[in-house]
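Chain by chain, the residues run as shown.
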Amino acid sequence: MLALGAALTACGDAASVGETDSASADTSVTDGGGDTVVGDTTPADTAVADTSGPPSPELVLGTNDVGSNDPTAFEALEEHDELEVQLGFQGFWMVVLAFKTRDIFTTPLYLEAHLTAGGVEQGSLVLGGQKLADGGDGYGYYYNFFLVVNDPGVAGGEGSILFKAQDDEGHSFQMTRVVELTGGE
């Protein structure tokens, strides 16, 4: 009976892979062959750390202080974290995105991000030919992805970021992250 319960639980977990609700982050990684690479779905309380092999491929979406190009200034951006809408040095309101990655991409990269708030797209940016900076910690970093925000009045509410990265070999990554927008006018 216990084995049947475990089998049903495993099936339930497998069926839910790829399903998300609107309040959770949605990520996927695709290798050069077009296959989606899915992380370990073992529940955290039963997972056993394997330190014998190399670290798994990873991309961490984050932010940094404007103009900073240093790994110590990188801050991971988790679901429902605050993200500041700030007045940029060229007079535009923006959010500053960044990311760190390892073992997914070769450069150059194609990057794309969209910010939606209040059901309206507030900002969009697409960049090609982008390179990563070596952080000296096993990660390549991309700093200062300045995403202009159309209406700084969206600060104080919830926003959704859709972030995509792809290289010329077909490796791709896509993530949706819900954030709490702060700052603004």
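Note that the structure is predicted; figures quoted are calculated from it, not measured.

## Structural notes on the pattern of salt bridges
In total, this model carries two salt bridges according to the counting rule given. Between Glu-58 and Arg-102 there is a salt bridge, with the nearest N and O atoms lying 3.0 Å from each other. Residue Glu-58 is found in strand β3 (residues 58-63), and its partner Arg-102 is found in strand β6 (residues 93-102); the two are separated by 44 residues along the sequence. For Glu-58, a relative accessible area of 25% corresponds to the partly exposed category. On the basis of relative accessibility, which here comes to 18%, the residue Arg-102 falls in the buried class.

## Let's talk about the side chain of Asn-144
When you line up the elements, Asn-144 lands in strand β10 (residues 140-148). Polar contacts involving the side chain of Asn-144 include one to the main-chain carbonyl oxygen of Ser-68, which spans 3.2 Å. Excluding residues within four positions of it along the chain, Asn-144 makes contact with Asn-64, Asp-65, Val-66, Gly-67, Ser-68, Asn-69, Val-96 and Leu-97.

## Observations concerning the packing of aromatic side chains
For the structure on display, the rule yields eight aromatic pairs. Consider the rings of Tyr-141 and Tyr-143, whose centres lie 5.5 Å apart with planes at 5°: the pair is stacked. Here the aromatic cluster, defined as three or more aromatic residues joined through ring pairs, consists of Phe-74, Tyr-139, Tyr-141 and Tyr-143. The side chain of Lys-100 reaches across the aromatic face of Tyr-139, ending 4.3 Å from its centre.

## Examining unusual backbone geometry
Of the consecutive residues Thr-107 and Pro-108, the connecting peptide bond is found in the cis state with omega at 15°. In this fold, Pro-108 is placed in the loop between β6 and β7 (109-117). The phi dihedral of Asp-103 is positive, around 60°, even though this residue is not glycine. Mapped onto the elements, Asp-103 comes out in the loop between β6 and β7. Look at Asn-144: it is not a glycine, yet its phi comes out positive at around 60°.

Basis of the calculations
Residues numbered from 1 in each chain as written. Predicted model: local features only at pLDDT ≥ 70, side-chain atom pairs only at ≥ 80, totals over all residues. Heavy atoms only, no water. Salt bridge = Lys/Arg side-chain N within 4 Å of Asp/Glu carboxyl O. Helix = DSSP H or I, 4+ residues; strand = E, 2+ residues; numbered from the N terminus. Buried < 20%, exposed > 50% of the residue type's maximum accessible area, 1.4 Å probe, protein only. Polar contact = N/O pair within 3.5 Å; in protein donor to acceptor, adjacent residues only side chain to side chain. Contact = heavy atoms within 4.5 Å. Phe/Tyr/Trp six-rings, centres within 6.5 Å; stacked < 30°, edge-to-face > 60°. Lys NZ or Arg CZ within 6 Å of the ring centre and 35° of its normal.

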